[in-house]
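# Inside the fold
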Amino acid sequence: NIDSTAKSSAESRAFACCRSGELTEGATPECLTGLQGGHTANGEVCMSGLRSAKNAHDAIQDCWGLGGHVCTMMDMFQLCGAGLNPYEGANQGWYGDHGFASTSDANFDDEYATWNRNFCTGNNDGPGEHATLASYPYRCCGSAQNYRAQETIDK
């Protein structure tokens, strides 16, 4: 699954900071037409309605066509934190994150993570799957057109 193998906290690893931002005072998020199924208050994450089951590569193409991407685990957790349930309607589905399949040939670029519950919970990562060997529902995500990420992080 997406969690991978536990590592020692003494190890140094690469990481990415999550972005955060805001809308102009009084503004409401302007999500793209295909991504109006719900959004975080600041418009950082806009989501589509639940999309019908496809393999991961077809899901990626579908979301690109809407101007977004297959929702990542972090996108979904942010939506949960906003009081939405992006898992509603499907017990299993694709995340846009890579994840190791149980039959992995160490070719991580064609393996994707899945969710395995239809509600928000801290443990909602199912097994990784090969992109073309499974079909699952998914949601597409993107940012509101009027969303602006902060350029710096105050310390």
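Note that the structure is a prediction, hence the values are computed from the model and not measured. Positions within a chain are numbered from 1, following the residues in the order the chain's sequence is written. The model is predicted, so local features are restricted to residues of pLDDT at least 70 and side-chain atom pairs to those at 80 or more, both for listing and for counting; the totals for chains, interfaces and linings are taken over all residues. Calculation of side-chain values draws on the structure's entire complement of heavy atoms; hydrogens and water are dropped beforehand.

### So, the side chain of Ser-48
- Examined against the element boundaries, Ser-48 turns out to sit in the loop between β3 (46–47) and β4 (51–54).
- Relative accessibility decides the category of a residue: with a 1.4 Å probe and only protein chains considered, values under 20% of the type maximum give buried, values over 50% give exposed, and everything between is partly exposed. Accessibility expressed as a relative area gives 1% for Ser-48, which makes it buried.
- When sequence neighbours within four positions are dropped, the list of residues in contact with Ser-48 reads Gly-34, Leu-35, Gly-37, Arg-139 and Cys-140. Helix and strand definitions follow DSSP, with helices as H or I runs of at least four residues and strands as E runs of at least two, each counted in order from the N terminus. Contacts are assigned to residue pairs that have any heavy atoms within 4.5 Å of one another.

### As for the state of the cysteines
- Cysteine sulfur atoms that come within 2.5 Å of each other are treated as a disulfide pair. Summed over all chains, the structure comprises 4 disulfides.
- Disulfide pairing places Cys-63 opposite Cys-140 at an S-S distance of 2.0 Å. Judged by the sign of its S-S torsion, about -75°, the cystine formed by Cys-63 and Cys-140 is left-handed. Highlighted residues: Cys-63 in helix α1 (residues 56–65) and Cys-140 in strand β10 (residues 140–142), separated in sequence by 77 residues.
- Cys-63 gets classed as buried once you look at its relative accessible area, which sits at 0%.
- For Cys-71, the disulfide goes to Cys-141, at an S-S distance of 1.9 Å. The S-S bond linking Cys-71 to Cys-141 shows a torsion near 90°; that makes this disulfide right-handed. You can see Cys-71 sitting in the loop between β5 (69–70) and α2 (73–81) and its partner Cys-141 sitting in strand β10, a full 70 residues away along the chain.

### Some remarks on the sheet that holds strand β2 (residues 38–39)
- Reading across the sheet, the 4 strands line up as β2-β3-β10-β5 and stay open at both edges, with antiparallel pairing between neighbours. Every other strand in the sheet has two partners, leaving β2 and β5 as the edge strands with one partner each.
- Whether two strands pair depends on DSSP finding at least two bridges between them. Pairing analysis gives 2 bridges linking β5 to β10, with the strands arranged antiparallel. Within β10, the residue paired with His-69 across the bridge is Cys-141.

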